[in-house]
Amino acid sequence: MNQSAHEANGRLTAGREPSVSPPAPPGQPVIELKRLTKTYGDHTAVNALDLTIRRGEIFGLLGPNGAGKTTTILMMLGLTEPTSGSARVCGLNPARHALQVKRLVGYMPDDIGFYEDRTGLDNLIFTARLNRLPEREARDRALQLLELVGLSHAAGKKVGAYSRGMRQRLGIADVLIKRPEVIILDEPTLGIDPEGVRELLQLISDLSRKEGLTVLLSSHHLHQVQQICDRVGLFVQGRLIALGSVAELAEQLDETGTVTVLIEASGWTDALTERLQALEGVQSVSVDAKASTENTAAGESVATLVCSRDVTSEAAAAVIECGARLHAISRRQYGLDDIYHRYFEGRETR
Ligand SMILES: Nc1ncnc2c1ncn2[C@@H]1O[C@H](COP(=O)(O)OP(=O)(O)OP(=O)(O)O)[C@@H](O)[C@H]1O
């Protein structure tokens, strides 16, 4: 977040204490978007978006650059007005009650900004003050959050010396200061190494489960976020083109009729390839020699069978009958990347 966004998490809560409804019970809608639309001139950035996110859910809003994710978030926060349709966040209309919504929603933009020459602890205390926490409580809350996000050791270190991953953790602590009901994280994993990503996502997941937080995560790193999202929405050119859990979306892909079977075996022969090709429903067989490693024997091959039905057991029998040594056989589980590419086949996605 930039400096003003950092301050916004606090400043926007200042002023008259808003009258807000009590937190929605688990499973109740927290975010409800109906036909939400935003146009800029003749360009439609968000096109008739219908979406409900429930309390305690981790929801991934996924799509390529320019898909409309940030515009959607800005409308949820009351930072830009919809052209048509409606948004309700924690029962409030953000366009009319932006201050109240911002009291309940913690927003971490993709470009986090802090006071670089101040420590992590000082930055959090600053946000706590903006949120009108009493001085003693501000410090206690800041220390408690630093511990929660695994930054106690760096509390006294200037933020300018923090790594990208540490800044993201501090950003999460920063949005949590005001005890929000919902946190919205825009590209939280940007620029972090794989181990840092894993830890950050685990932290977000733990927070959601322990604190009953609703989390909206915007990202174009599908394979990263799919591990922790209860549901995802695939967003492209302003439209939500698929919605559901990763398993549900994968099931829909399976219904398109293609099954991929992966075989690892040694002693592969042309006769085996031909035998597999002859199995009913097998559309193609491609075989690659696998480079030998500590775990794989020399001469091991990996074959990919694209089929119109599941041929796993017949293929296993064929490998053995042809005298090859079967190391592994599995029906490929689709991940979000596969789903994404399948939906966007033939379209410009990046
Ligand atoms: N203030 C604006 N004026 C005109 N067009 C805009 C404005 N804000 C966004 N857009 C356009 O709306 C579309 C959606 O942009 P948005 O930033 O919401 O996408 P995004 O999915 O968040 O992308 P990214 O991952 O790159 O942030 C883009 O084509 C963008 O150029």
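Before going into details, it helps to say that this report is about the structure given with it. No experiment lies behind these values; they were computed from the predicted model shown.

Scoring rules and cut-offs
- Residues numbered from 1 in each chain as written.
- Predicted model: local features only at pLDDT ≥ 70, side-chain atom pairs only at ≥ 80, totals over all residues.
- Helix = DSSP H or I, 4+ residues; strand = E, 2+ residues; numbered from the N terminus.
- Buried ≥ 20, exposed ≤ 12 C-beta atoms within 10 Å, placed from the backbone.
- Contact = placed C-beta atoms within 7 Å.
- Near = placed C-beta within 6 Å.
- Nonpolar A, V, L, I, M, F, W, Y, C, P; charged D, E, K, R; others polar.
- Pairing = 2+ DSSP bridges.
- Axes fitted to C-alpha atoms, helices over the stretch in contact; angles between N-to-C directions.
- Parallel < 35°, antiparallel > 145°, perpendicular 65-115°, else oblique.
- Left-handed = near helix turned anticlockwise from the far one by under 90°.

**Remarks on the overall build of the protein**
Then, number 1: Each helix and strand in the protein was counted, giving 12 helices and 13 strands.
Then, number 2: A burial count over the protein gives 40% of its 350 residues as buried.
Then, number 3: Contacts in the protein between residues at least 24 apart in sequence constitute 72% of all its contacts with a sequence separation of at least 6.

**Remarks on the site of the ligand**
Then, number 1: Taken together, the neighbourhood of the ligand is formed by Y40, H43, A45, G63, N65, G66, A67, G68, K69, T70, T71 and H220.
Then, number 2: Those elements that provide at least two residues to the shell around the ligand are β2 (43–54) and α2 (69–76).
Then, number 3: Looking at the shell around the ligand residue by residue, the class counts come to 3 nonpolar, 8 polar and 1 charged.

**Section: the sheet that holds strand β8 (residues 231–236)**
Then, number 1: One open sheet holds the 6 strands; their spatial order is β5-β6-β7-β3-β8-β9, and the pairing between them is mixed. Either end of the sheet is taken by a strand with one partner, and the two such strands are β5 (105–108) and β9 (239–244). Going from strand to strand, the sheet's axes swing by 15° on average, the running direction of each strand aside.
Then, number 2: As paired strands, β5 and strand β6 (residues 182–186) are joined by 4 bridges and run parallel to one another. From the neighbouring strand, Y107 faces β6, where its bridge partner is I184.
Then, number 3: Sitting on the sheet, α2 touches β3 (58–62), β6, β7 (214–219) and β8, and the angle it makes with β6 is about 150°.

**Concerning helix α4 (residues 120–130)**
Then, number 1: Taken across its 11 residues, α4 has 9 buried, putting it largely inside the fold.
Then, number 2: Restricting attention to buried positions, one finds in α4 the residues G120, L121, N123, L124, I125, F126, T127, A128 and L130.
Then, number 3: Backbone geometry just after α4 places R132 at a positive phi near 65°.

**Examining α2**
For an α-helix, 3.6 residues make a turn, and residues three or four places apart therefore share a direction.
Then, number 1: Burial analysis of α2 places 8 of its 8 residues in the buried class, the great majority of the element.
Then, number 2: K69, T70, T71, T72, I73, L74, M75 and M76 are the residues of α2 that are buried.
Then, number 3: Directly after α2, the chain includes G78, whose backbone phi takes a positive value near 75°.

**What to know about the packing of α4 against helix α6 (residues 164–176)**
Each pair of packed helices gets described by two things: the angle between the helix axes and the distance between those axes.
Then, number 1: The interhelical angle for the contact between α4 and α6, taken along N-to-C directions, is 25°, at an axis separation of 9 Å. When the axes of α4 and α6 are compared, the pair comes out roughly parallel. The hand of the α4/α6 crossing is right-handed. For the pair α4 and α6, the contacting residues are G120, N123, L124 and T127 in the first and L170, A173 and D174 in the second.
Then, number 2: In terms of residue class, the contact of α4 with α6 is made up of 3 nonpolar, 3 polar and 1 charged.

**Quick look at the sheet that holds strand β13 (residues 325–331)**
Then, number 1: If you trace the 4 strands from one edge of the open sheet to the other, you get β11-β12-β10-β13, paired in antiparallel fashion. Because the sheet does not close on itself, it has two edges, and the strands there are β11 (282–289) and β13. For this sheet the average axis-to-axis angle between neighbouring strands, irrespective of direction, equals 15°.
Then, number 2: Direction of pairing for strand β10 (residues 259–266) relative to strand β12 (residues 300–307): antiparallel, over a ladder of 8 bridges. In the sheet register, L262 faces β12, and the bridge partner there is T304.

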